[in-house]
Amino acid sequence: MSEPIRLVILGRQGSGKGTQGVRLAEAYDIAHVSTGDMLRAATAAGTPMGLEAKVFMDRGDLLPDDVMQGVVAERLDQDDASTNGFLLDGFPRTVGQAKALADMAPLDLVIDLDVPREMVIERMAARGRVDDTPEAIARRLDLYDEQTRPLLDFYGDQGLLVTVDGVGTEDEVEGRLRAVIDAAHQPS
Ligand code: AP5
Ligand code: MG
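The shown structure was predicted, so the numbers you read here are calculated from the model rather than taken from an experiment. (Residues numbered from 1 in each chain as written. Chains lettered and ligands numbered in written order. Predicted model: local features only at pLDDT ≥ 70, side-chain atom pairs only at ≥ 80, totals over all residues. Heavy atoms only, no water.)

## Side note on the pairing of strand β3 (residues 85-89)
Looking along a regular strand, one sees side chains alternate from face to face of the sheet.
Move 1: The buried fraction of β3 is high, at five of five residues.
Move 2: Across five bridges, strand β1 (residues 5-10) lies against β3 in parallel orientation. Bridging from a neighbouring strand, V8 pairs with L88 of β3.
Move 3: The sheet contact formed by strand β2 (residues 31-34) and β3 spans four bridges and is parallel. Its bridge partner lying in β3, S34 is registered against D89. (Buried < 20%, exposed > 50% of the residue type's maximum accessible area, 1.4 Å probe, protein only. Helix = DSSP H or I, 4+ residues; strand = E, 2+ residues; numbered from the N terminus. Pairing = 2+ DSSP bridges.)

Shown next as structure tokens:
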């Protein structure tokens, strides 16, 4: 049996993490762990956590680190993620979350999917999710710069970071992502 592949995808809101996460999970047979998707599912199911999360999400604010760390630790413990590996999309988003993740699982590669701010604003406006209001989009992008961008240095210093150009068609971006993952994860 091959070794699990453990990946993190970072990138601005609207850079295509979710779009590519679905494709890569299929291509490598790994779990696509999207914290945003998990929170939206909890909101739709009406769980207490989901209803509380909705208040943060509608404002474009981050949920507290300890809540997110609990959600992710539980998910990574499930069989699919622990056996085959995972692609984390939307976590970690703060240095605190990244430090907590280090105690949950080793990582093979952290990808920064790079798309300019003006372009992600256009993409999100076209998508129309409930938290894609101009105010919430601006708030999310500001928080990205303040809280998540420092992770590029955090993982860069560990030699785990690769930047991938996220501008192009979905197929072109997928090809670039697969090339860096294959280079980092040669079957032995
Ligand atoms: P989350 O769901 O993660 O939202 P986000 O960070 O705002 O990121 P998006 O999902 O908007 O962007 P994406 O990169 O996935 O882009 P997508 O593929 O959709 O989080 C939502 C909220 O949950 C947060 O605001 C927070 O409140 C909370 N939360 C989640 N995780 C948390 C954490 N760890 N800590 C604290 N709080 C947390 O693409 C965008 C659009 O572009 C789509 O319409 C797509 O079709 C299009 N597109 C994609 N690729 C291309 C391409 N190559 N060319 C043209 N269009 C493209
Ligand atoms: Mg997403």
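## Topic: the environment of V8
Move 1: By the element assignment, V8 lies in strand β1.
Move 2: The spatial distance from the C-alpha of V8 to the C-alpha of L141 is 19 Å, given a sequence separation of 133 residues.
Move 3: Contacts of V8, omitting those with residues within four sequence positions, involve L88, F91, P92, L101, L107, L109, V110 and I111. (Contact = heavy atoms within 4.5 Å.)

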